[in-house]
Protein chains: 2
Amino acid sequence: MAGGIGSRFWPQSREACPKQFINVFEEQSLLQQTLTRMAPIVPPERTLVVTHERYADLTREQLSPIPEENILGEPISRNTAPCIAYAAIKLRAMDPEAVMIVLPADHLVKREDRFLNILRKATVVANKPGALVTIGIQPSYPATGYGYIQYDPSESERDGAYRVRTFAEKPNEATAERFLDSGDFLWNSGIFVWRADAILENMQTHLKSTWRAFEEASRHLGTDQEDAAIRQAYYKSTRISIDVGIMERASNVYVVPGRFGWSDIGDWRAVYDLSDKNRHGNVLRGNVIVHDTSRCLVNAGKRLVAVVGIHDVVVVDTDDALLICHQNSTQQVKNVVDYLHAHQHKDFV
Amino acid sequence: MAGGIGSRFWPQSREACPKQFINVFEEQSLLQQTLTRMAPIVPPERTLVVTHERYADLTREQLSPIPEENILGEPISRNTAPCIAYAAIKLRAMDPEAVMIVLPADHLVKREDRFLNILRKATVVANKPGALVTIGIQPSYPATGYGYIQYDPSESERDGAYRVRTFAEKPNEATAERFLDSGDFLWNSGIFVWRADAILENMQTHLKSTWRAFEEASRHLGTDQEDAAIRQAYYKSTRISIDVGIMERASNVYVVPGRFGWSDIGDWRAVYDLSDKNRHGNVLRGNVIVHDTSRCLVNAGKRLVAVVGIHDVVVVDTDDALLICHQNSTQQVKNVVDYLHAHQHKDFV
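Novice: Looking at this model, I keep getting lost on the confidence of the model for chain A. Mind explaining?
Specialist: Close inspection of predicted coordinates is inappropriate for parts of the model with low pLDDT. Per-residue confidence for chain A averages 94 on the pLDDT scale, and 99% of its residues sit at or above 70. For chain A, per-element mean pLDDT is lowest for strand S6 (residues 148-156) of chain A, which scores 88, and highest for strand S3 (residues 99-102) of chain A, which scores 98.

Novice: Where do I start with the sheet that holds strand S11 (residues 283-285) of chain A in this structure?
Specialist: In any sheet, the strands associate via hydrogen bonds between backbone groups, in a parallel or an antiparallel arrangement. In spatial order, the strands read S11(A)-S13(A)-S15(A)-S16(A)-S14(B)-S12(B); together these 6 strands make up an open sheet with mixed pairing. Looking at which strands have only one partner, the edges of the open sheet turn out to be S11 of chain A together with strand S12 (288-291) of chain B. Across the sheet, the axes of successive neighbouring strands diverge by a mean angle of 5 degrees, strand direction being ignored. With 4 bridges joining them, S12(B) and strand S14 (residues 304-308) of chain B adopt parallel strand pairing. Bridge pairing in S14(B) places His291(B) opposite Val308(B).

Novice: Explanation requested: the side chain of Ser241(B) in the structure shown.
Specialist: Residue and element names in this part refer to chain B. Inspection of the secondary structure puts Ser241 in the loop between helix H8 (226-236) and helix H9 (242-247). Separated by 3.1 Å, the side chain of Ser241 and the backbone nitrogen of Val244 make a polar contact. Every residue in contact with Ser241, bar those within four places of it in the chain, is listed here: Asn79, Thr80, Ala81 and Ile246.

Novice: Whenever I open this one, the packing of aromatic side chains confuses me. Can you help?
Specialist: The geometry of an aromatic ring pair is captured by two quantities: the separation of the ring centres and the angle between the planes. All names here are of chain B. Under the definition given, this model contains 30 aromatic pairs over all chains. Aromatic pair Phe192 and Trp194: ring centres 5.1 Å apart, planes at 10 degrees, arrangement stacked. The class of Trp194 is buried, set by a relative accessible area of 0%. Between Phe214 and Tyr234, the aromatic rings sit 5.4 Å apart at their centres with planes inclined by 80 degrees, giving edge-to-face as the arrangement. In this pair, Phe214 sits in helix H7 (residues 208-218) while Tyr234 sits in helix H8, placing the two residues 20 residues apart along the sequence.

Novice: Can you help me understand the nonpolar core in this one?
Specialist: Residue and element names in this part refer to chain A. Formed by 47 residues in total, the largest nonpolar core has its most connected members in Met100, Trp194 and Ile199. It is helix H3 (residues 80-94) that contributes the most residues to this core, 9 residues altogether. When near neighbours in sequence (up to four residues on either side) are disregarded, Trp194 contacts Ile84, Ala98, Val99, Met100, Val102, Ala126, Ala131, Leu132, Val133, Ile199, Ile242 and Met247.

Novice: For this particular structure, what's the right way to read the relation of the copies chain B and chain A?
Specialist: Each of the two chain copies can be brought onto the other by rotation about an axis and movement along it. Overlaying chain B on chain A yields an RMSD of 0.0 Å, the required transformation being a rotation through 180 degrees with an accompanying axial translation of 0.0 Å. Here the two chains are linked by the operation of a two-fold rotation axis. Residues of chain B ranked by C-alpha distance from the rotation axis are headed by Ile324(B), positioned 4.3 Å from it. Counting the interface residues of chain B, we find that 100% of their copies in chain A are interface residues as well, pointing to one common contact surface.

Novice: For this particular structure, what's the right way to read the environment of Asp106(B)?
Specialist: Tracing the backbone through its elements, the reader meets Asp106(B) in the loop between strand S3 (99-102) and strand S4 (108-109). Every residue in contact with Asp106(B), bar those within four places of it in the chain, is listed here: Lys19(B), Gln20(B), Leu30(B), Asp264(B) and Ile265(B).

Novice: What is the right way to read the packing of helix H6 (residues 196-206) of chain B against H7(B) from this model?
Specialist: Packed helices, taken two at a time, are described by the angle between their axes plus the distance between the axes. Residues and elements named next belong to chain B. Closest axis-to-axis distance for the H6/H7 pair is 6 Å, and the angle between their directions is 130 degrees. Classified by the interaxial angle, the pair formed by H6 and H7 is oblique. Facing Leu200, Met203, Gln204 and His206 of H6, the residues of H7 in contact are Lys208, Thr210, Trp211 and Glu215. Tallied by class, the residues present in the contact of H6 with H7 amount to 3 nonpolar, 3 polar and 2 charged.

Novice: It is not clear to me how unusual backbone geometry should be interpreted in this structure. Could you clarify?
Specialist: Residues and elements named next belong to chain A. Of note, the amide linkage connecting Trp10 to Pro11 takes the cis form, showing an omega dihedral of 5 degrees. Mapped onto the fold, Pro11 is located in the segment before helix H1 (30-38). Although it is not a glycine, Asn79 sits at a positive phi angle of roughly 65 degrees. Among the secondary structure elements, Asn79 is positioned in the loop between strand S2 (71-74) and H3.

Novice: Just to check I follow, could you spell out the pairing of strand S15 (residues 313-317) of chain B for this structure?
Specialist: Residues in a regular strand project their side chains so that they alternate between the two faces of the sheet. All names here are of chain B. Within S15, 5 of the 5 residues are buried, which leaves the element mostly enclosed by the surrounding structure. Going residue by residue along S15, you find Val313, Val315 and Asp317 tucked away on one face and Val314 and Val316 tucked away on the opposite face as well. Relative to S15, strand S13 (residues 297-299) runs parallel, the two sharing 3 bridges. Looking across to S15, one finds that Leu297 is bridged to Val314.

Novice: What is the right way to look at the environment of Leu200(B) in this model?
Specialist: Residue and element names in this part refer to chain B. Mapped onto the elements, Leu200 comes out in helix H6. Note on Leu200: relative accessible area 3%, which makes it buried. Separated by 111 residues in the primary sequence, Leu200 and Ile89 have C-alpha atoms spaced 8.0 Å apart. Those residues in contact with Leu200, other than ones at most four positions away along the chain, are Ala85, Ala88, Ile89, Arg92, Trp211 and Glu215.

Novice: Mind showing me how you'd approach helix H11 (residues 333-342) of chain B here?
Specialist: Along an α-helix, residues three or four apart share an orientation, since each turn contains 3.6 residues. When we look at burial in H11(B), the residues that qualify are Val333(B), Val336(B), Val337(B) and Leu340(B). With its buried residues spanning 95 degrees around the axis, H11(B) presents them on a single face.

Basis of the calculations
- Residues numbered from 1 in each chain as written.
- Chains lettered and ligands numbered in written order.
- Predicted model: local features only at pLDDT ≥ 70, side-chain atom pairs only at ≥ 80, totals over all residues.
- Heavy atoms only, no water.
- pLDDT = per-residue confidence, 0-100.
- Helix = DSSP H or I, 4+ residues; strand = E, 2+ residues; numbered from the N terminus.
- Pairing = 2+ DSSP bridges.
- Axes fitted to C-alpha atoms, helices over the stretch in contact; angles between N-to-C directions.
- Polar contact = N/O pair within 3.5 Å; in protein donor to acceptor, adjacent residues only side chain to side chain.
- Contact = heavy atoms within 4.5 Å.
- Phe/Tyr/Trp six-rings, centres within 6.5 Å; stacked < 30°, edge-to-face > 60°.
- Buried < 20%, exposed > 50% of the residue type's maximum accessible area, 1.4 Å probe, protein only.
- Core = buried A, V, L, I, M, F, W, Y, C linked by side-chain atoms within 4.5 Å.
- Least-squares fit on C-alpha atoms with pLDDT ≥ 70 in both.
- Parallel < 35°, antiparallel > 145°, perpendicular 65-115°, else oblique.
- Nonpolar A, V, L, I, M, F, W, Y, C, P; charged D, E, K, R; others polar.
- Arc of directions from axis to C-beta.

In structure tokens form, the structure reads like this:
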């Protein structure tokens, strides 16, 4: 799933080249890292990438090992449920018993070996009839930026999967503390494993119009009607996430808990937290001079950046726009993008 | 006097175009403001500008009312004593009884009418034989960024001038408090009024080598030897300020105290303090978006600048360099320029 616009990463992330396509850690893009990470268990020819059609070229450029026909362009953004429906009908056509691993393209995983082991376990569970499996992250602090999954610790399955009791939205601080203390709440990673036919069956029950739209489209796969049929399916679908649309309503939902250095890298603060720092706690990239400065993330672009007497600030410089943001305010960068949209400054978004 | 390099105003002030030539308040340059301010009492044809010869063209461009021959280029920077000696021999050649008003080109004066009245008083005093007159600023707070002048309040002259007791260097905070409480200390503005022959006589006594060098050069004024002679004089002169070289040593020194909204605009903080602010205490120039931000000075260049969750910070963006500096650290901007010099980043200074 590579269709997001990453507005919390403005100004480096733009509509023309969002977060998943940029090198927030100066290596591969997050999308490329996701492909590389999965290579030991899923080869490129069995990897589908669903993205907005405007990013299809960018995706092809960045993911050259993936066959062109595996890059699925969405005509409009409709959140994750239609995206997953599209991939599911494609996979089912390739193999009626196909198991899907559903991954956001813009996450970070530090312990890739552990991560793949968790996915292997989840794949075994997902082969049980009708099972929907989600990957839960053992929380390390009372995060308010993630949704949570409560599981039933008494009902351990073989392979380390547990029955899910409930999904919870992003909590406030007190609730997050309670979740952490309870011991049976996990962070919702947004990573799922299931058979393509199982998720489509659940859509038939819980998201009927979306299901009907894609079942209709699936009859045209592989014909010259395919693009038009998919376009129709998207316009007929509901804009809803798979979590809200299916997971919160379905029975037979399992979670495999894991701890593998995961982050959804939700904002610049997360990039800072996950980066190697110098002895003053600074993360400095490009041509940067600092003086009496600590705990800053500075991404210089083409310009020299001098920072004097500044602490706990993120600086991101690009050719046409510059962001200066306190580490505690990085979630609010989205507001800047909203403002730019509202005031017709389209050049900058 | 327009020869400074204004390194505390990096990155807007560069060696190629220092502080006095830029529009720190978005109007005229400080140099142009200085000429305009003096126009009611000194016409352009009687104004000399002494600057480094590399700034002669820039000065001509900015000060078109001034005759070209009134722009005096210094071959090397030697602080204010040689600069004033140069102007003094030129003026004496034009009029042996000439009175000089010596003004730094990069100061701000908010009450120009009061300022001119003070200068008129000082000019009267300067006509007394041998008198050296300086303008002192009634201090409004215990500044540590200015030198001080102690005067003798018992010996008031007519025209509001007082005998100077002593000059004091920039004090520490405790001393500055004491100076303020004493009531007989003024800020040293670096503005002087005297007859050209009087300052040259004092140089003969207190700065003999500089005096001899310029007296030698003065014999070649108006000939085709003038430039070479002046060049020689500069190389033979001592690098010293007029304050240290003459004023602290001379007798017959007077001060005229005044209060006319003066600032030497020593750093970006001073620009912030002297600028009109919006209701959040921000001074925003150019294409700037702020969110949860207060008491900031933001000078956007050609780029959009977004500032989120930031307080008490100066941001100055230019084509090739960007400064982000806490309001309490603006004096340290000079260190950045020193660093750039030391590390051969000449393109940025």
